[in-house]
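A structural walkthrough
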Amino acid sequence: MMKLTIFFNGQFWEGVVELYADNELKVGRHIFGVEPQDVEVLAFIVNNVFLSLLTQASASVEVTPIFLKRVNPKRMARQVSQEMANQGVSTFAQEVMRQNLEERKQASKQRSKAMREAEEEEKWQRSRQKAKARHRGKA
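Residues numbered from 1 in each chain as written. Predicted model: local features only at pLDDT ≥ 70, side-chain atom pairs only at ≥ 80, totals over all residues. Heavy atoms only, no water.

Overview of helix α4 (residues 91–136)
Over its 46 residues, α4 extends 67 Å from the first C-alpha to the last, a length consistent with the 68 Å expected when each residue adds 1.5 Å. Residues of α4 that are buried: Ala-93, Val-96 and Asn-100. Looking one or two places after α4, you find Gly-137, whose phi comes out positive at around 85°. (Helix = DSSP H or I, 4+ residues; strand = E, 2+ residues; numbered from the N terminus. Expected span 1.5 Å × (residues − 1). Buried < 20%, exposed > 50% of the residue type's maximum accessible area, 1.4 Å probe, protein only.)

Laid out in structure tokens, this is it:
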């Protein structure tokens, strides 16, 4: 089951795609910028842009299975109108987005630490070479 929620976050319009599969929830986020027209949303869905968002999502949250049975069309219409009135994203989706953010932060910290250590090692090697050169009288 997939769900696309489009909302205004105070600065931009963004869409959150939620995919429930195999008792897991994967979430992808797409920023539309200005308020998207129906044509833009349809193009977003038809061109499978949301699938690339979900393949990039590395984290997922376990959810309890939802047993779906056939729903009366009138009831389905009421549920759809309730979902349309409901603003925001599910807490599971927020949890997955928070986990993705934490993973990206950790990866960024590791990269910057490795770069800093490499720079310090290079600086130390240069100072050692200069010291040896001075010792040999070639300063």
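With respect to helix α3 (residues 73–85)
With 13 residues, α3 should cover 18 Å at 1.5 Å per step; its first-to-last C-alpha distance of 18 Å lies within 8% of that length. Where α3 starts, the residue carrying a side-chain oxygen 3.0 Å from the main-chain nitrogen of Lys-74 turns out to be Asn-72. (Polar contact = N/O pair within 3.5 Å; in protein donor to acceptor, adjacent residues only side chain to side chain.)

What about the nonpolar core?
If you look at the biggest cluster of nonpolar residues, it comprises seven residues: Phe-7, Val-16, Tyr-20, Leu-25, Val-27, Ala-93 and Val-96. The set of elements that each furnish at least two residues to this core consists of β2 (13–21), β3 (24–33) and α4. (Core = buried A, V, L, I, M, F, W, Y, C linked by side-chain atoms within 4.5 Å.)

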